[in-house]
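Summary of structural features
Residues per chain, in single letters:
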Amino acid sequence: MKRKKTLIQAKLERRILHGLSCEWETAHWVLPSAHRKMLTKPLFSLKKMQNKLGYWSFPKREICLNRQFVLNNPWDSVREVLLHEMAHQFADQVLGAHNEPPHGTKFREACRLLRANPKASGNYRPLWKQIEHDSPTAEDKIMLRIKKLMALAESRNHHEAEAAMAKAHELISKYNIELLSHDEKRKFISVFVGRPALRHPREDYHLAALILDFYFVKGIWVPTYVLEKGKMGRVLEITGTRHNIKIASYIHDFVRHFINSQWRDYNQDKGLNRYRKTDFAVGIIEGFRSKLESQKIKNIKSDAALMKIEDPLLKQHIDYKYPHTTSFARKVSSQDDNILENGMKVGKKLVISKGITTKKKSNRLLPAGEAKLPRPLSRNSRG
């Protein structure tokens with residue numbers, strides 16, 4: 001049994017190392033062509049470390065990540081640390097930062113060019129943990145009110161639940177209008193929502209559009225490694241303030257779980273295939289969209305300030321973070337209009353409830369094994 005577990009982990013680690021190589025290649029292409037030619041692909045490894053998430057070794061031409069961190073965090077957190085170490089590599093190989101402190105001026109310039117997080121090292125907590133363990137402060141009163149309203153939306157009284165959800169959405173809008181009116185510098189973060197995949201069903205794109213249209217975040221379908229397949233695929237990455245990310249991520253997961261539970265009931269005795277689930281799911285999402293649209297129209301009539309406006313700072317941040325983007329469209333091969341309509345009827349009754357949860361599904365890639373570990377770091381490494 002122990003030998004089998006070790007073999008499974010060894011296979012997983014080979015895939016992870018291949019994934020790090022693929023992500024390095026993808027990040028490499030964001031650089032100007034002159035810089036790309038100067039940066040050589042390193043070796044990649046996983047090792048046991050204390051108080052480090054990773055390091056770049058100039059003598060070995062190696063990027064190494066903390067094995068336990070990699071096995072116990074989602075892929076976007078792993079990628080964040082990889083980009084940090086890639087910035088160290090870039091600072092050394094391209095900018096000649098050998099005589100600078102590890103996180104000096106040239107390293108920070110490398111982070112800017114690579115869109116890397118300069119803080120993703122040492123005791124840095126991944127973004128999902130930061131969001132999960134957020135503690136309310138005095139300025140978060142509106143978020144506490146939103147939580148309470150969404151908790152009220154659990155009411156068995158349908159009208160009371162509907163009113164609570166509508167009020168919660170109105171407060172979300174007011175919070176963002178207030179945020180923009182101060183014209184203060186805002187900190188934006190980016191996280192994956194949903195799972196990376198080689199192909200996404202049509203409902204994933206409809207749900208992404210819903211989140212981006214109503215919950216004050218921006219989103220891009222970014223290339224990323226799909227661990228189960230060992231290939232590059234895509235995932236939705238959303239960007240916004242921490243509060244908006246927290247709300248949008250929760251709504252995204254809530255709707256997905258709602259779709260799955262409703263489909264189980266709807267398809268119990270029908271034996272319908274995966275394509276018909278897509279029709280039903282798209283119907284639910286579009287039904288829920290029509291409800292949000294009608295609520296927005298009521299809010300606009302009662303308060304013109306609730307009309308959706310763009311955050312110029314968020315747009316500026318998105319333009320920096322994603323300098324090269326393309327649009328794509330998918331054709332609908334076939335669709336069952338009756339199932340779509342049935343889904344829409346269900347979606348119009350959807351009520352988001354239970355508050356902005358801090359519970360997150362397991363992020364571990366695999367329970368860490370007790371494999372024999374390599375020797376400690378050399379002194380010629382930067383983390």
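Keep in mind it's a predicted model, so treat the numbers as computed, not measured.

Reading across the sheet, the 3 strands line up as 4-6-5 and stay open at both edges, with antiparallel pairing between neighbours. In the strand order of this sheet, the two ends are held by strand 4 (189–197) and strand 5 (218–226), each with one partner. On average, each strand axis in the sheet is inclined to that of its neighbour by 30 degrees, with strand direction left out of account. Bridge analysis of strand 5 against strand 6 (residues 231–240) gives 9 bridges, and the strand direction is antiparallel. Across the sheet, residue G219 finds its bridge partner in strand 6, namely I238. Contacting strand 4, strand 5 and strand 6, helix 4 (residues 75–93) crosses the sheet at an angle of about 85 degrees to strand 5. In this fold helix 12 (residues 312–321) packs onto strand 4, strand 5 and strand 6, with an angle of close to 155 degrees to the strand it touches most, strand 6.

Now for the packing of helix 4 against helix 5 (residues 105–114). Here helix 4 crosses helix 5 at 125 degrees, and the two axes come no closer than 8 Å. The pairing of helix 4 with helix 5 is recorded here as oblique in orientation. The way helix 4 lies across helix 5 gives a crossing that is right-handed. Contacts between helix 4 and helix 5 involve L83, H84, M86, A87, H88, F90 and A91 from the former and K106, F107, A110, C111, L113 and L114 from the latter. Counted by class, the contact of helix 4 with helix 5 contains 10 nonpolar, 2 polar and 1 charged residues.

Right, let's get into the nonpolar core. In this structure, I16, L20, L65, Y215, I251 and I352 are the most contacted members of the largest nonpolar core, which totals 92 residues. At 11 residues, helix 10 (residues 242–266) tops the list of elements feeding residues into this core. When residues no more than four places from it in sequence are discounted, the contact partners of I251 are M150, I211, Y215 and I352.

Right, let's talk about the side chain of N176 for a bit. Structurally, N176 is set in helix 8 (residues 158–182). In this structure the side chain of N176 is engaged in a polar contact, spanning 2.9 Å, whose partner is the backbone oxygen of I172.

Bringing the pattern of salt bridges into the picture now. Under the criterion given, the structure shown has 17 salt bridges. Residue E170 is joined to K167 by a salt bridge in which the shortest nitrogen-to-oxygen separation is 3.8 Å. Within this pair, E170 and its partner K167 are both found in helix 8, separated by 3 residues, close to a single helical turn. The partner of D319 in a salt bridge is K315, with the nearest N and O atoms 3.2 Å apart. Separated by 4 residues within a single helix, D319 and K315 lie in helix 12, roughly one turn from each other. Take K315: its relative accessible area is 46%, and that puts it in the partly exposed class. Linked by salt bridges that have partners in common, K167, E170 and K174 make up one network.

Tallying each qualifying case throughout the model produces 7 aromatic pairs. When the centroid spacing of 5.6 Å and the interplanar angle of 40 degrees are considered together, the rings of W75 and Y225 count as tilted. Highlighted residues: W75 in helix 4 and Y225 in strand 5, separated in sequence by 150 residues. Assigned by exposure class, W75 and Y225 land together as buried. Here the aromatic residues W263, Y266 and F280 are joined through ring pairs into a cluster of three or more.

Reading guide: rules and limits
- Residues numbered from 1 in each chain as written.
- Predicted model: local features only at pLDDT ≥ 70, side-chain atom pairs only at ≥ 80, totals over all residues.
- Heavy atoms only, no water.
- Pairing = 2+ DSSP bridges.
- Helix = DSSP H or I, 4+ residues; strand = E, 2+ residues; numbered from the N terminus.
- Axes fitted to C-alpha atoms, helices over the stretch in contact; angles between N-to-C directions.
- Contact = heavy atoms within 4.5 Å.
- Parallel < 35°, antiparallel > 145°, perpendicular 65-115°, else oblique.
- Left-handed = near helix turned anticlockwise from the far one by under 90°.
- Nonpolar A, V, L, I, M, F, W, Y, C, P; charged D, E, K, R; others polar.
- Core = buried A, V, L, I, M, F, W, Y, C linked by side-chain atoms within 4.5 Å.
- Buried < 20%, exposed > 50% of the residue type's maximum accessible area, 1.4 Å probe, protein only.
- Polar contact = N/O pair within 3.5 Å; in protein donor to acceptor, adjacent residues only side chain to side chain.
- Salt bridge = Lys/Arg side-chain N within 4 Å of Asp/Glu carboxyl O.
- Phe/Tyr/Trp six-rings, centres within 6.5 Å; stacked < 30°, edge-to-face > 60°.

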